[in-house]
Amino acid sequence: MLWPLFFLVTAIHAELCHPDAENAFKVRLSIRTALGDKAYVWDTNEEYLFRAMVAFSMRKVPSREATEISHVLLCNVTQRVSFWFVVTDPSRNHTLPAVEVQSAIRMNRNRINNAFFLNDRTLEFLRIPSTLAPPMDPSVPIWIIVFGVIFCIVIVATALLVLSGIRHRRRNNKGLPGLDDAEDKCENTITVENGIPCDPLDTKGGHINDGFLTEDERLTPL
Amino acid sequence: KGPGVHRRAEGFVCCRAREKARPKWGNPMQFLLICVSYAVGLGNVWRFPYLCQMYGGGSFLVPYIIMLIVEGMPLLYLELAVGQRMRQGSIGAWRTISPYLSGVGIASLVVSFLVSVYYNVINTWAVWYLFHSFQDPLPWSVCPLNGNRTGYDEECEKASSTQYFWYRKTLNISPSIQENGNVQWESALCLTLAWLIVYLCILRGTESTGKVVYFTASLPYCVLIIYLVRGLTLHGATNGLVYMFTPKIKELANPKAWINAATQIFFSLGLGCGGLIAFASYNEPSNNCQKHAIIVSIINSSTAIFSCIVTFSIYGFKATFNYENCLNKVILLLTNSFDLEDGFLTASNLEEVKDYLASTYPSKYSEVFPHIRNCSLESELNTAVQGTGLAFIVYTEAIKNMEVSQLWSVLYFFMLLTLGMGSMVGTGTAILTPLTDSKVISSYLPKEAISGLVCLVNCAIGMLFTMEAGNYWFDIFNDYAATLSLLLIVLVETIAVCYVYGLKRFESDLQAMTGHALNWYWKAMWAFVSPVLIVGLFIFYLSDYILTGTLQYQAWDATQGHVVTKDYPPYALAVIGLLVASSTMCIPLVALGTFVKRHFRKK
C-alpha cells in the first residue's frame, strides 16, 4: 500500500527537481580549490546542511516563514561537486518563484558561504549574481594627502633657497662694489683676438701661450 | 703690433677676472655624477630591454658594444672636450669655434627646450603612480565595480586592470588625437609638482645641482640591486632570463639590429643636446675628460645591461604568472563543462585528459573547444613592450602580484622618478647655461629668476600633455622632437671640430689644457668613422620616414579594450614638421644671418 505512495512522492520529486527545471538553480562547489588539504568530503550530511541553510534563507523572507528543510529538494549531485535544487511550497506541489529564492540567497550569501568555509567564487550559484563588496573609499583620496605633504615641503625648500640667494647677493652688493664694476667692464671685452680665443691666455703659468706662438714660428725659419 | 698687444693684455686681465666668476663643480666626482645622472635615464630601463628582446637577446650585445666603442665614446669625449676647452654653454662654445656655427648651439638649445617640455610629463606620471602606491589594495590591481555592483567595469573587463588604470584613470585618454578634451586637474597638479622639484634642483646652478646629483645618480642603482635580488627570487624568473640570454645569432645579420644599436647608444648618451658641453664648461681646464668620457659611457651601457637582467626576470615572472592563470582558466572551463571532480585536472595531465574527453564526448567537446585558449609561455614572453607601456603597464602588472606590493611599487616609481629627474636636471642645465652665459639676459635677471621663468614656460606648455589627447601629443614629441635634429647637430659638431676649427689645433689645445696627448684612435674616429656612421643613420631615418608614407599612431579604443592604429591628421603632421624644422633650420639660418651681417659690416 505504501509503495505506490512512495513512487508517487519520488515521481513528484523528480518532476519538481531536475536539471533546467522551472525555478531550479545549479550550485557548484570547489572545495579542493578552496581548502586544499583540509578539504572535506561532500556527503549526505553536507547536503543536509545545505538544505538547512537554504531553508533558513527562505524563512527570512516575510511571507515564507513556514519553510522547512524537507521543502528543499536536491538532485543530480555530481562528483564535481555540483547539483540542482528547488524550494517547494508547503503543499509540495509547486516550486517557489525563482525571484524570491534568488533574493533570499543574495541576502544571506555570506552566512551560507561561511557555513561551508567557502567564498563567492568557490561556492557558485549559477544565475544568482553575487553583490561585490564596494571598494573602501576614504573621504579624501590618499594620494592627495601625500601630494599635499610633498608639495608643501618642496615649496618651503624652494622659498628658503631663493631667499638665502637674495640675501647673499644683497650682502655681496654692499660689500664689494668694485669687483662688480670690473666684471661689468669685462662683459664688453672682445673674446676673439686675431682669430684666437682669449681663454688660453690665462691657463696656468708655464703653458704654451698661443697668443705669441704659432706652429710655424716654433722652428725659426731660415 | 702695439695697440694689438695692448688690447691683448687688457683682454688677458679681464678674461682672468671673468673666469673667476664662472662657477665650478665642487669636486670632479660631481661632474662625473651629473654626466652619469644625465646619461642614465629612462631609456636604459625601458628601451634597451625591448631592443634586446627584438633583436636576438644575448647576441644584441655584440652590435651594442661595438657601437659603444666606435660611436659612443668618441662622440662623448668630443662634446666634453669642447665644453671644457671653450668654457661656455653650447651657444658660446660654437660661436667661439666659428661665428657661422653658433646656429649649432642655438639648435641644441631648441632641442633641449623641446625635450624638457615633454620629458617632465613622464615624471608627472611617475609621481602620480608613486602617490597612488600608498593604498591597499593597489588601485591598478582591481577593477572598479560597475553601476549596479554585480560585476566589474566593462572597459576594465575587456582590457586588464593595469591597462585600465593607465588609460582611463591616469591619462583619461580620448579615442583619437582630434578630440582634445579638457585638462585633467590631477595630472596638472602632478605636473606642477614635478616642475617645482626640477626648479628646486637647478635654481642655484652648479651649487645646488652638484649636490642633487649625488642622490639622483646613486638611488636608481640601489633600487635596481634590490629589484635584481627580488626579481631573481621570483617564481618563473629563470624563464625570462633564459629567453633573453639565448642568443639568436642570425639576428646579427639583420641590419636593423646594428642601426638600432647605434641609435640607442647615440640617444642614450644625450649627445647634441648641449648638456654635456654645459657640464664640462664648469670643469677645471686640467680635468682629464678622456677618462671621464670612457667611464661615463661604460657606466651607461652597463646600467642598460643590468636593468635588462632585472627587466627580464620580471618579464619571466609575469609571463609565467599569466601562463599559469591561462592554464587554470582552461582547467576550470573543462572541469565545469564535464563536471569532473574538483582538483582532478592539473597542468600535467591536461593534455591527456583533453584527448580522452575529445574521444569520449565528441559533441560536447566540440561545443567547448572554441573557448579553450591555447596557453603558451613563449607567446607570453614574446609580447615585447617598450616605453611607457613597459613601465606603467607591464611592470605594474608584475608588481601587483608580488607580496608587499606597496613597498615594491613605491621603490620602483621612486627609481623612475630619480632617473627622470636626473635627466631633467641635466636638460635644465643645458638650457640655463647658454642663457646665463648670455650677457644680455643675465644683466637684467638673476639666475633664480631665469630658472624660474624657464620652468614656468615649460610647465605652461606642458599642460597640453595633461589633456585627454595629451598622450598622443606626447608620442609625437617623443618620436620626432629630438631624433633627426640631434643626428644633424652632432654631425655638424664633428665636422666643425675636425675641419673648421682644425683637428690639429684642437689636439694641441687639449694637450695644453689637460697635459695628455690625444690618442690616434680618437682622431681617427672623429675625422672619419663617426661622421660616416652618423650620415648612415641619417639616411636610414630619412628613407624610413619616406618609405612608410603616412605616419601613424596607436590610439586606445575603449569599446574594444586595446590599441588601434590610426593616421595622423594633417595639422599633427604639420606640428611634426615644425618640430624637426625648428631646430635643424637654426643651423643654416644663423650661418646665413652671420654671413649677411658680416657682409654689411664690411661695406
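Scroll up for the structure.
Computed from a predicted model, the values in this text were never measured in an experiment.

### Concerning the overall build of chain B
The secondary structure content of chain B amounts to 27 helices and two strands. By principal-axis analysis of the C-alpha atoms, chain B measures approximately 110 × 50 × 45 Å. Buried positions account for 58% of the 603 residues belonging to chain B. For chain B, the accessible surface area stands at approximately 24,500 Å², while carbon and sulfur atoms represent 65% of it. With 40 positive and 37 negative side-chain charges, chain B shows a separation of 21 Å between the mean positions of the two kinds.

### Concerning the overall build of chain A
On a plain count of helices and strands, chain A comes out with eight helices and six strands. Taken from N to C terminus, the helices and strands of chain A fall in the order α-β-α-α-β-β-α-α-β-α-α-β-β-α. Taking all 222 residues of chain A together, the buried fraction comes to 33%. Counted over contacts in chain A with a minimum sequence separation of 6, partners at least 24 positions apart contribute 59%.

### Overview of the packing of helix 3 (residues 44–59) of chain A against helix 4 (residues 98–107) of chain A
Residues and elements named next belong to chain A. Where helix 3 contacts helix 4, the axes come no closer than 9 Å and their chain directions differ by 100 degrees. On the basis of their axis angle, the class for helix 3 and helix 4 is roughly perpendicular. Residues Val54, Ser57 and Met58 of helix 3 lie in contact with helix 4, whose contacting residues are Glu100, Val101, Ala104 and Ile105. In terms of residue class, the contact of helix 3 with helix 4 is built from five nonpolar, one polar and one charged.

### Regarding a positive patch on the surface
Residues and elements named next belong to chain B. A surface patch of like charges, here positive, comprises Arg95, Lys439, Lys597, Arg598, Arg601 and Lys602. If you tally residues by element for the positive patch, the top one is helix 27 (residues 586–602), at four residues. Mapped onto the elements, Arg95 comes out in helix 6 (residues 90–97).

### Some words on the sheet that holds strand 3 (residues 82–87) of chain A
Residue and element names in this part refer to chain A. Read from one edge to the other, the open sheet built from four strands follows the order 2-3-1-4, with strand pairing classed as antiparallel. This sheet does not close on itself; its edge strands, each paired only once, are strand 2 (72–75) and strand 4 (123–125). For this sheet, the mean inter-axis angle between neighbouring strands, taken without regard to orientation, is 25 degrees. One ladder, built from four bridges, connects strand 2 with strand 3; its direction is antiparallel. What sits directly across from Leu74, in strand 3, is Phe85. Set on the sheet, helix 3 makes contact with strand 1 (25–29), strand 2, strand 3 and strand 4; between it and strand 2 the angle comes to about 140 degrees.

### Quick notes on unusual backbone geometry
The linkage connecting Arg80 of chain A with the following residue, Val81 of chain A, adopts the cis geometry, with an omega of 15 degrees. Across the junction of Asp136 of chain B and Pro137 of chain B, the peptide omega takes the value 0 degrees, indicating a cis bond. By the element assignment, Pro137 of chain B lies in the loop between helix 7 (102–131) and helix 8 (154–158). Phi angles above zero are rare outside glycine, and Arg127 of chain A is one such case at about 75 degrees. Tracing the sequence through the fold places Arg127 of chain A in the loop between strand 4 and helix 6 (142–175). By relative accessible area, which is 56% here, Arg127 of chain A ends up exposed. Positive phi is not limited to glycine here, since Asn172 of chain B has a value of about 45 degrees. The exposure class assigned to Asn172 of chain B is partly exposed, which follows from its relative accessible area of 22%.

Quick notes on the rules
- Residues numbered from 1 in each chain as written.
- Chains lettered and ligands numbered in written order.
- Predicted model: local features only at pLDDT ≥ 70, side-chain atom pairs only at ≥ 80, totals over all residues.
- Heavy atoms only, no water.
- Helix = DSSP H or I, 4+ residues; strand = E, 2+ residues; numbered from the N terminus.
- Buried < 20%, exposed > 50% of the residue type's maximum accessible area, 1.4 Å probe, protein only.
- Areas by Shrake-Rupley, 256 points an atom, 1.4 Å probe, with all protein chains shown as cover.
- Lys, Arg positive; Asp, Glu negative; His and termini not counted.
- Charge placed at Lys NZ, Arg CZ, Asp CG, Glu CD.
- Contact = heavy atoms within 4.5 Å.
- Axes fitted to C-alpha atoms, helices over the stretch in contact; angles between N-to-C directions.
- Parallel < 35°, antiparallel > 145°, perpendicular 65-115°, else oblique.
- Nonpolar A, V, L, I, M, F, W, Y, C, P; charged D, E, K, R; others polar.
- Patch = residues over 30% accessible without salt bridge, like charges linked within 9 Å, V, L, I, M, F, W, Y side chains within 5 Å.
- Salt bridge = Lys/Arg side-chain N within 4 Å of Asp/Glu carboxyl O.
- Pairing = 2+ DSSP bridges.

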